[in-house]
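Each chain is listed here by its residues.
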Amino acid sequence: MSFLKRLFGVGKKPGSYAYRMEQAKQLHGQAIQYVTERVDGNEDIIGRGGSLAIHEDTFIVDSSGDRLFVCEIKHLDASWLMSGNGVIIRGPNLLDGGRERVITVHFVYHRK
């Protein structure tokens, strides 16, 4: 990202396909420490280990040897945690027939 884009906030419009694709590309290849989902007010761990990936036009979360979440990139919404060590992913899960799902993915810490 160029200096002027960071300084003035000029860039891709949030909610556009290009913006969502850019978010997905930033997440592609991230190693997962664990994945949680809030159910009935409780934060449950639904997977450990794994990675995030892009395949054609879909975003995939693989954890604990299972595919937990598959969503078309045009419907994907990703928000970084304030700590920077994870992301909240929201979208229709194609594995559940398009039911809206919100999961939190925590990354493995790697010193850069």
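Just so you know, these numbers come straight off a predicted model, no measurement behind them.

> Which residues make up the sheet that holds strand S1 (residues 32-39), and what are the values?
The pairing of strands in a sheet happens through backbone hydrogen bonds and is either parallel or antiparallel. An order of S2-S1-S8-S7-S6 is seen for the five strands of this open sheet, with the pairing classed as antiparallel. Both edges of this open sheet fall to strand S2 (42-48) and strand S6 (77-80), since each of them pairs with a single strand only. Strand-to-strand twist of the sheet, defined as the mean angle between neighbouring strand axes without regard to direction, takes the value 25°. Relative to S2, S1 runs antiparallel, the two being bridged by six bridges. Pairing of Val 35 across the sheet is with Gly 47, part of S2. Sitting on the sheet, helix H2 (residues 17-27) is in contact with S6, strand S7 (86-93) and strand S8 (99-107), with an inclination near 55° to S6.

> Could you give an account of the nonpolar core, naming the residues involved and the relevant values?
With 19 residues, the main nonpolar core has Leu 52, Phe 59, Val 61, Ile 89 and Val 105 as its most contacted residues. Among the secondary structure elements, those contributing two or more residues to this core are H2, S1, strand S4 (58-63), strand S5 (66-72), S7 and S8. What Phe 59 contacts, discounting residues up to four positions off in sequence, is Ala 24, Leu 27, Leu 52, Ala 53, Ile 54, Phe 69, Val 70, Cys 71, Ile 73, Leu 76 and Ile 89.

> Would you mind going over the pairing of S8 in detail, with residue names and values included?
Bridge count between S1 and S8: four bridges; the pairing is antiparallel. Residue pairing for S8: Val 35 is matched across the bridge by Val 105. Across eight bridges, S7 lies against S8 in antiparallel orientation. Each residue of the ladder has a partner; that of Val 87, found in S8, is Val 105. Hairpin connection of S7 to S8: five residues between the antiparallel strands, including Gly 97 at a positive phi of 75°.

> I'd like to hear about the confidence of the model for the chain, residue by residue, with values.
Chain-level pLDDT for the chain is 88 on average; 88% of the residues reach the 70-or-more range. When mean pLDDT is compared element by element in the chain, S7 scores highest at 96, while helix H1 (residues 3-8) scores lowest at 64.

> Please set out the packing of aromatic side chains residue by residue, giving values where relevant.
As enumerated under the stated definition, the model contains one aromatic pair in all. Pairing Trp 80 with Phe 107 gives two aromatic rings, centres 5.7 Å apart and planes at 65°, and the pair type is edge-to-face. Of this pair, Trp 80 sits in strand S6 while Phe 107 is found in strand S8, placing the two residues 27 residues apart along the sequence. On the basis of relative accessible area, Phe 107 is assigned to the buried category, the value being 7%.

The rules behind each value
Residues numbered from 1 in each chain as written. Predicted model: local features only at pLDDT ≥ 70, side-chain atom pairs only at ≥ 80, totals over all residues. Heavy atoms only, no water. Pairing = 2+ DSSP bridges. Helix = DSSP H or I, 4+ residues; strand = E, 2+ residues; numbered from the N terminus. Axes fitted to C-alpha atoms, helices over the stretch in contact; angles between N-to-C directions. Contact = heavy atoms within 4.5 Å. Core = buried A, V, L, I, M, F, W, Y, C linked by side-chain atoms within 4.5 Å. Buried < 20%, exposed > 50% of the residue type's maximum accessible area, 1.4 Å probe, protein only. pLDDT = per-residue confidence, 0-100. Phe/Tyr/Trp six-rings, centres within 6.5 Å; stacked < 30°, edge-to-face > 60°.

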